[in-house]
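Residues per chain, in single letters:
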Amino acid sequence: MEETEKRRSSLEGIPHELLHSIFSQVHPEDIAALAGTSRSLYTFLEKNSLLFKDIYTTYLDEPSESVKPDGWDWEEEVHDYVRLKRYLSEAGAPSTFTETRQKSVNLEFVANAVTSLCRTANPDYTSSLSTKFLTDAIPRSSTQGMSNKEAFLYRSTTYMRAAKHNKIPETTFAQRQLSAKLHCYHGVPAEIEPLGFKYVYPYAVSMVYDLRNYNDFTMWGPFLDDGKASVDWEKMEAVMLVLGHNLKLFQLHTSQHFDTIWETPWWGTAPGSFKQKVKSGIPPVMPSHPEDPYNISGTWMRVVCFLDFRELFAYNFEDDTPLPASQPRHPLSTTEAIRLLVMELEFDRIEGPGEDDKQDMPVVWFKGSSRSVHTPHDPHANANIRGCVRVTHEGEVRWTSWSVYSGQERWKSEGIQVGGIGSGRGVLGHWFDKDLDEQGPAGPTAFWKTSNTIGDAPGSTGHNHDDSDDSDDESYHEGDGDGDEEDNAEAPNYSQPDDQGDTPPYTTTIWILT
């Protein structure tokens, strides 16, 4: 009788329905301690999927069935959340080398856990619990979250080369790839010099414009050299850094507001996160081809950057002593040209997957046009576009396109859509000569969707060009910056680091092609 009264006065005597209601309000960090208080509570908590689901969805987004991985376990996911939260916690003081080193040992877990949160997040960024959690832990701010950025986002080859001293822990190839991927998902290029690092832009340039990275094994895209389009996230990160830098200069020196995709951390990294902006009184336009899983049709904004061809050639071929394959080229501070383009794409046809593709996803072909934002009626700045989208063996969304001039293919591009199918973040990649010329030209490009309709962009004509139209894309000017087509703009002075530690002053000029 006395034992029964004790049970009634404790948690063990409460009906399971009430226990569920109480425990669903408990902080996830306390669940493990609670389970250790008695055998009966341990039994109640063990494998209690409904309870752990309620706990998980209090703090993070419930994944839809379309993105939920096979073998999803709610209890395991709650434990991973607690672990991730602990690794991402900060004391509030400025980061130290010791703190960065201690955190960095957890890079592999953090990268995989964060990527999983992005892939299962609510596509609506403004109401996503998961992206709010990540933004609080690793925000855009130059001062907040710095120890997390240095421990997890800034571990790639680009940042290791920019390290000011050897206090930065060494990383393996796999860790560098994971860190670069995490940085691409965070999506905000570093705007200041992080603790322990020099300015990284020249190092990113040296990767993007090293023509040794453009070859048959890498398929000329941001891929590893396995011939299977496995993503090289370090190349993707370098493209993001270079394009982000140039777009910042573009806005600074033209006073033009340009909505880029690299301003809000973690934005657009969930599958299906592209949402067309709703105009007052006008209902949103839905995708026009339900049979297209990639939601290709519509208007896309594109940015292309490139070097003067003489500088690109000199950078890669003027040294009489070839560099070892494993040795990167020296950091390069330079003059780049930038062109902003509008692409209007339409669904064309569907084919079955290729040998190296994900076998349950189709290859979708598209066609359309591309033209300059600033001179939409200039036939020498415009092109016809054709291409295809597929899912790789890794589950990444790969975009391949060709630009057509006077009925002839001239340029080709390869890229990966960060965040997966239908993500708002868009595609990062390479453009290059369609004949695969090892001497170039080549460079970085990115594009992202702005509308499900065609004709909803600056300078839009509202229709596609036919295949006979005289046009070209990424027109490669070998000018020296003196011609009428460029508006020269002086950028702020930075320090150009080199591998010997010298930091002579330099000035970057960006050509804004019109």
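Residues numbered from 1 in each chain as written. Predicted model: local features only at pLDDT ≥ 70, side-chain atom pairs only at ≥ 80, totals over all residues. Heavy atoms only, no water.

### Structural notes on the overall build of the protein
Looking only at helices and strands, one finds 15 helices and 10 strands in the protein. The buried share among the 514 residues of the protein stands at 54%. In the protein, of all internal contacts separated by at least 6 residues, the share reaching a separation of at least 24 is 70%. Total accessible area computed for the protein in this model is approximately 22,800 Å², and 50% of it derives from carbon and sulfur atoms. (Helix = DSSP H or I, 4+ residues; strand = E, 2+ residues; numbered from the N terminus. Buried < 20%, exposed > 50% of the residue type's maximum accessible area, 1.4 Å probe, protein only. Contact = heavy atoms within 4.5 Å. Areas by Shrake-Rupley, 256 points an atom, 1.4 Å probe, with all protein chains shown as cover.)

### Some details on the pairing of strand β7 (residues 427–433)
Burial analysis of β7 places 7 of its 7 residues in the buried class, the great majority of the element. Here β7 runs beside strand β8 (residues 442–451); their pairing, made up of 6 bridges, is antiparallel. Residue pairing in the sheet places L428 in a bridge with A446 of β8. (Pairing = 2+ DSSP bridges.)

### A few points about unusual backbone geometry
Going from G440 to P441, the amide bond is cis rather than trans, its omega being 5 degrees. Along the chain, P441 turns up in the loop between β7 and β8. At W266, a residue that is not glycine, the phi angle is positive and equals roughly 70 degrees. Tracing the chain through its elements places W266 in the loop between α14 (233–254) and β1 (298–307). With a relative accessible area of 0%, W266 lands in the buried category. Phi is positive for S406, which is not a glycine, with a value near 55 degrees. Among the secondary structure elements, S406 is positioned in the loop between β5 (397–405) and β6 (408–417).

### Details of the pairing of β1
Of all 10 residues making up β1, 10 are buried, and the element is well covered by its neighbours. Where β1 and strand β2 (residues 336–351) come together, 10 bridges link them in antiparallel fashion. Along β2, the bridge assignment pairs V304 with R339. Note that β1 and β8 share 6 bridges and pair antiparallel. Looking at the pairing, W300 lines up with K449 of β8.

### Focus: the nonpolar core
Of all hydrophobic cores here, the largest spans 94 residues; its most connected members are F23, L84, V110, W262, V303 and L428. If you tally residues by element for this core, the top one is α14, at 10 residues. Among all residues touching V303, those that are not within four sequence positions of it are L243, L247, W262, I338, R339, L340, P444, T445, A446 and W448. Core analysis: the second largest hydrophobic core is formed by 16 residues, Y294, L345, V364 and I385 among them. (Core = buried A, V, L, I, M, F, W, Y, C linked by side-chain atoms within 4.5 Å.)

### Description of a negative patch on the surface
The grouping of D225, D226, E355, D356 and E394 at the surface amounts to a negative patch. Note on placement: D226 falls in the loop between α13 (201–208) and α14. With relative accessibility at 36%, the residue D226 sits in the partly exposed group. (Patch = residues over 30% accessible without salt bridge, like charges linked within 9 Å, V, L, I, M, F, W, Y side chains within 5 Å. Salt bridge = Lys/Arg side-chain N within 4 Å of Asp/Glu carboxyl O. Lys, Arg positive; Asp, Glu negative; His and termini not counted. Charge placed at Lys NZ, Arg CZ, Asp CG, Glu CD.)

### Brief notes about the packing of aromatic side chains
One pass over the structure, following the stated rule, counts 22 aromatic pairs. Both rings, one in W411 and one in W431, keep their centres 5.3 Å apart while their planes meet at 85 degrees; by these two values the pair is edge-to-face. Placement of W411 in strand β6 and of W431 in strand β7 is noted, with a sequence separation of 20 residues between them. Across the pair, W431 and W411 agree in class, each one buried. (Phe/Tyr/Trp six-rings, centres within 6.5 Å; stacked < 30°, edge-to-face > 60°.)

### Let's talk about the environment of S372
Looking at the secondary structure, you find S372 in strand β3 (residues 363–372). Judged by its relative accessible area of 1%, S372 falls in the buried class. It is 6.0 Å that separates the C-alpha atoms of S372 and L340, two residues lying 32 residues apart in sequence.

### Structural notes on the environment of V78
As for its position among the elements, V78 is in helix α6 (residues 74–88). The exposure class of V78 is buried, given its relative accessible area of 1%. Between the alpha carbons of V78 and K53 there is a distance of 8.2 Å; along the sequence they are 25 residues apart. Once residues lying within four places of it in the same chain are set aside, the contact partners of V78 are P28, F52, I55 and Y56.

### Regarding the confidence of the model for the protein
Averaged over all residues, the pLDDT of the protein equals 82, while 77% of them reach at least 70. The model gives residues 459–510 a pLDDT under 50, and that stretch makes 162 contacts with residues more than four places away or in other chains. (pLDDT = per-residue confidence, 0-100.)

### Quick notes on the pattern of salt bridges
A full pass over the atoms with the stated rule returns 18 salt bridges. Between R349 and D348 there is a salt bridge, with its nearest N and O atoms 3.0 Å apart. Take R349: its relative accessible area is 35%, and that puts it in the partly exposed class. D348 gets classed as partly exposed once you look at its relative accessible area, which sits at 31%. In this structure, R398 and E414 form a salt bridge, with 2.9 Å as the shortest nitrogen-oxygen distance. One end of the pair, R398, is in strand β5; the other, E414, is in strand β6, with 16 residues separating them in the sequence.

### Some remarks on α14
Taking 1.5 Å per residue as the helical rise, α14 with its 22 residues ought to reach 32 Å, and the 31 Å between its terminal C-alpha atoms agrees with that figure. The element α14 is extensively covered by neighbouring structure, given that 18 of its 22 residues are classed as buried. Near the N-terminus of α14, the side chain that reaches the backbone nitrogen of E234, with its oxygen 3.1 Å away, is that of D232. Following α14 by one or two positions, S255 has its phi on the positive side, about 55 degrees. (Expected span 1.5 Å × (residues − 1). Polar contact = N/O pair within 3.5 Å; in protein donor to acceptor, adjacent residues only side chain to side chain.)

### Points about α13
Across the 8 residues that make up α13, a large majority, 8, are buried. Within α13 the residues assigned to the buried category are Y201, P202, Y203, A204, V205, S206, M207 and V208.

### Quick look at the packing of helix α12 (residues 173–186) against α14
At a closest axis distance of 8 Å, the pairing of α12 and α14 adopts a crossing angle of 35 degrees. Considering how the two elements wind past one another, α12 and α14 form a crossing that is left-handed. The residues of α14 that touch α12, namely those facing R176, Q177, A180, K181, H183, C184 and Y185, are W233, E234, M236, E237, M240 and L241. Tallied by class, residues from the contact of α12 with α14 come to 7 nonpolar, 2 polar and 4 charged. (Axes fitted to C-alpha atoms, helices over the stretch in contact; angles between N-to-C directions. Left-handed = near helix turned anticlockwise from the far one by under 90°. Nonpolar A, V, L, I, M, F, W, Y, C, P; charged D, E, K, R; others polar.)

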